[in-house]
Amino acid sequence: MDYQRSAPAETHRKFSRTSVTLAVVFAVVLVIAVLADTDAMLAYFNLMGTLPGASLEIAAIITAACIIPLLAMGMSIAEDDMRRHQ
């Protein structure tokens, strides 16, 4: 039998390279923040830790820095969405 294939329906969104790059940057910064926070909490409770004495402050700064690529990624996705609907 000869089956004809229909054109595949577009089921995924196409994001710009900027959006994808910012998503990767956000994921990397988030992983670093989780590791720094874990190390800071272990050092705070004197279980173990490799960061210096100001580890809680360092972890807080890294965690706060997570918001920058997240906001930039959101704005880039919104811009992609606006372009798509024009």
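Residues numbered from 1 in each chain as written. Predicted model: local features only at pLDDT ≥ 70, side-chain atom pairs only at ≥ 80, totals over all residues. Heavy atoms only, no water.

A.B. asks: I'd love a proper account of the overall build of the chain, names of residues and values included.
C.D. replies: Across its full length, the chain carries 3 helices and 0 strands. The helix and strand sequence of the chain, counted from the amino end, reads α-α-α. The 86 residues of the chain split such that 15% are buried. Long-range contacts, defined here as pairs at least 24 residues apart, represent 65% of the contacts in the chain between residues at least 6 apart. Accessible area of the chain: about 7,000 Å², with a carbon and sulfur share of 68%. (Helix = DSSP H or I, 4+ residues; strand = E, 2+ residues; numbered from the N terminus. Buried < 20%, exposed > 50% of the residue type's maximum accessible area, 1.4 Å probe, protein only. Contact = heavy atoms within 4.5 Å. Areas by Shrake-Rupley, 256 points an atom, 1.4 Å probe, with all protein chains shown as cover.)

A.B. asks: Mind laying out the packing of aromatic side chains, listing which residues take part and the relevant values?
C.D. replies: Following the criterion strictly, the structure yields 1 aromatic pair and no others. For the ring pair Y44 and F45, a centre distance of 5.1 Å and an interplane angle of 80° mean the geometry is edge-to-face. Like F45, Y44 is exposed. (Phe/Tyr/Trp six-rings, centres within 6.5 Å; stacked < 30°, edge-to-face > 60°.)

A.B. asks: Let's hear about the pattern of salt bridges: which residues, and what values?
C.D. replies: By the definition in use, this model includes 2 salt bridges. The salt bridge partner of R83 is E79, with a shortest N-O separation of 2.4 Å. Linking R83 with E79, this pair stays in helix 3 (residues 67–84), spanning 4 residues, or about one helical turn. Residues D81 and R84 are paired through a salt bridge, measuring 3.1 Å at the closest nitrogen-oxygen approach. Placement of both D81 and R84 in helix 3 is noted, with a separation of 3 residues, approximately one turn of the helix. (Salt bridge = Lys/Arg side-chain N within 4 Å of Asp/Glu carboxyl O.)

A.B. asks: Residues and numbers for unusual backbone geometry, please.
C.D. replies: The phi torsion at N46 lies on the positive side, around 55°, for a residue other than glycine. Note that N46 resides in the loop between helix 1 (17–44) and helix 2 (55–65).

A.B. asks: Lay out helix 1 with the relevant residues and their values.
C.D. replies: The end-to-end C-alpha separation of helix 1 is 40 Å, in line with the 40 Å expected for 28 residues at 1.5 Å each. Along its buried surface, helix 1 packs onto helix 2 and helix 3. A positive phi of about 55° marks N46, the residue just after helix 1. (Expected span 1.5 Å × (residues − 1).)

A.B. asks: Help me get a handle on the packing of helix 1 against helix 2, residues and values and all.
C.D. replies: Contact pair helix 1 / helix 2: the axes reach a minimum separation of 8 Å and the direction vectors enclose 160°. By the criterion of interaxial angle, the relationship of helix 1 to helix 2 is roughly antiparallel. Between helix 1 and helix 2 lies a crossing of left-handed hand. Only S55, L56, A59, A60, I62, T63 and A65 of helix 2 make contact with helix 1, whose side of the interface consists of V29, I32, A33, A36, D37, A40, M41, A43 and Y44. For the contact of helix 1 with helix 2, the per-class residue count stands at 13 nonpolar, 2 polar and 1 charged. (Axes fitted to C-alpha atoms, helices over the stretch in contact; angles between N-to-C directions. Parallel < 35°, antiparallel > 145°, perpendicular 65-115°, else oblique. Left-handed = near helix turned anticlockwise from the far one by under 90°. Nonpolar A, V, L, I, M, F, W, Y, C, P; charged D, E, K, R; others polar.)

Any link to function would need more than the numbers given here.
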